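A look at the structure
Letter by letter, the chains look like this.
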Amino acid sequence: MIKWVIAVGIPLVLYGMIPQSESVSPEMRKFFVCTAWAILTWAFNLLPVYVSGLLLTVWAILWNVAPANVILSPWTGSVVWLSLGGLTLSVIFEKSGLMQRIAYFFIVKSGGSYKGIVNGIVLSGIIIALLVPNMTGRVALYCALCYGIYTALKIPKNSATGAGIMFAGFAAAIAPAWIYLSASENLQLINSYLKDSGKSVTWMQYFVSNFPIMIAWTVLLLITIKILYKQDVQIDGKDFFEEKYRALGKMTQKEIKFLVILICLVLAMVFSDIDAGWLFTLAVIACFFPGIEVAKEEDIKKVNFPMVFFVAATMSIGSMSNAVGVAGLVSELVMPLLQNVGNMGLILFAWVTGVAVDLMMTPLAGMAAFTPLFIEIAGKLGLSVVGTTFSFVWGVEQLFFPYEWALFLILFSYDVFDMKKAIKFCTTRTILSLIFLILIIYPYWSITGFLK
């Protein structure tokens, strides 16, 4: 009841406090009320996220916050379809057995010890990220895989060894997402905003400017996990993983067909100008073609469709923000403070804002609400629009507490480690991300010309 009072009360207070003027239109005031309610509802988990997202959409249309075609515009763009395609491909990928085949291969080659398991899981993520383009799907797959390893090896609850294996799965799903533009729905969302401003980057441009440094970031997280969670349980999984790998046998025809589809998808993203959202959709359709048939109708029923509606709802926040002029208003207020900061200063400001935003709202909602603002500010200051927006996402994806990101909650929900171990990993990762941004990412982006 207290949460509901806060979620309804704060928007009502905002409506009364925000003055209507030449700068603040009635529509802008309505936008702040609707958005505040949605963010608080998501933060307190008062309704299923897609239900509150649907209510936000309908409420905004009926209250005339913006025209219906503006509020529903995310459905006509490619990001929603990218999300749908990625979630569907993740379901098919899990069923195919390719996930286990690749992960067990790396673990066996790494020796099957605790360090070998952690090494194998994290390094396998570099390949999986290329083949499974949806982060949510990869987190679900890796968490299930690592929990299976944890239970099979009978590792005690809340041990450093069990925590290390689970965090290795999370790192494998998340860290390599920054290696490829197609490996993260967050990056694709940001690039869609950049496309509207004429500043989008191609798959290859992104790859050249990020592949080497993000490989280093993945390895850094791997080392960090082994330092933070030193082995405290004696295990020997070599025979277990070799048996698991042998049990998979030779690749089946369906596995080969699906792998060919995924390879064609990657090649199309690299060498064609077709938007990734449409390519993902075509890849899903190809899985059902006669003669290919690597997926069946029942696989569709396993797709997390509510997440697609949530993505659309969060993106509509950005669409409404642009329509009512919020980005322009806020940029006018903060511009005097950022006049002489330069690219580095603005990029650091974007990162800090991203970290702060993630404390209050979901990453998707934060990106939808603030990305147009940073594009506007960077454009007016004549600084790097691309570097600023990608740095903002880098900040949004950092966290201190499990509640900040639904993907981390998936990991935490397995109840393998306690809150202390979770905060230890999250805080260390956030601090390292800032150091890495200053010492590695920014200098390398400057060399490659990514800071356009």
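Anyway, here's the lowdown on the structure attached to this text. (Residues numbered from 1 in each chain as written. Predicted model: local features only at pLDDT ≥ 70, side-chain atom pairs only at ≥ 80, totals over all residues. Heavy atoms only, no water.)

Across all of its chains, the model carries two salt bridges by this definition. The closest approach of N and O atoms between arginine 101 and glutamate 255, which form a salt bridge, is 3.0 Å. Pair noted here: arginine 101 is in helix H6 (residues 98-109) and glutamate 255 is in helix H13 (residues 253-271), with a separation of 154 residues, a long-range link. Residues lysine 380 and glutamate 376 are paired through a salt bridge, measuring 3.3 Å at the closest nitrogen-oxygen approach. Of the two residues, lysine 380 and glutamate 376 are both situated in helix H19 (residues 363-381); the distance of four residues between them amounts to about one turn of the helix. Classification of lysine 380 as partly exposed rests on a relative accessible area of 43%. According to the relative accessible area criterion, glutamate 376 is partly exposed, its value standing at 28%. (Salt bridge = Lys/Arg side-chain N within 4 Å of Asp/Glu carboxyl O. Helix = DSSP H or I, 4+ residues; strand = E, 2+ residues; numbered from the N terminus. Buried < 20%, exposed > 50% of the residue type's maximum accessible area, 1.4 Å probe, protein only.)

Another aspect to go through is the packing of H6 against helix H7 (residues 114-131). Between H6 and H7, the shortest axis-to-axis distance is 7 Å and the interhelical angle comes to 140°. Here H6 is positioned oblique relative to H7, judged by the angle of their axes. Here H6 runs over H7; the crossing is right-handed. For the pair H6 and H7, contact is made by Met99, Ile102, Ala103, Phe106 and Ile107 and by Gly116, Ile117, Gly120, Ile121, Leu123, Ser124, Ile127, Ile128 and Leu131, respectively. Of the residues belonging to the contact of H6 with H7, the class tally is eleven nonpolar, three polar and no charged. (Axes fitted to C-alpha atoms, helices over the stretch in contact; angles between N-to-C directions. Parallel < 35°, antiparallel > 145°, perpendicular 65-115°, else oblique. Left-handed = near helix turned anticlockwise from the far one by under 90°. Contact = heavy atoms within 4.5 Å. Nonpolar A, V, L, I, M, F, W, Y, C, P; charged D, E, K, R; others polar.)

Below, the discussion takes up empty space enclosed by the protein. For the coordinates displayed, the defined rule picks out one cavity of 30 Å³ or more. There is about 30 Å³ of room inside the largest cavity. Residue lining of the largest cavity: Ile174, Ala175, Trp178, Trp217, Leu221, Trp394, Glu397, Gln398 and Arg429, and that is the complete set. Looking at the lining of the largest cavity residue by residue, the class counts come to six nonpolar, one polar and two charged. (1 Å grid on protein atoms, 1.4 Å probe; cavity = no way out; pocket = protein on both sides within 12 Å on 5 of 7 lines; lining within 4 Å. Points joined across faces, edges and corners; volume = space filled by probe spheres on them.)

Quick look at the packing of aromatic side chains now. By the definition in use, this model includes 30 aromatic pairs. When the centroid spacing of 5.7 Å and the interplanar angle of 80° are considered together, the rings of tryptophan 37 and tryptophan 59 count as edge-to-face. Highlighted residues: tryptophan 37 in helix H2 (residues 26-44) and tryptophan 59 in helix H3 (residues 49-62), separated in sequence by 22 residues. Seen from their ring centres, tyrosine 180 and tryptophan 203 are 6.2 Å apart, and the 15° between their planes marks the pair as stacked. In this pair, tyrosine 180 is assigned in the loop between helix H9 (160-174) and helix H10 (185-196) and tryptophan 203 in helix H11 (residues 203-228), connecting sequence segments 23 residues apart. Across this residue pair, the class does not change: tyrosine 180 and tryptophan 203 are buried. Site record: aromatic cluster; members linked through ring pairs are Trp178, Tyr206, Trp217, Phe390, Trp394, Phe436, Trp445 and Phe450. (Phe/Tyr/Trp six-rings, centres within 6.5 Å; stacked < 30°, edge-to-face > 60°.)

So far we have only geometry, and geometry alone does not tell us how the molecule works.
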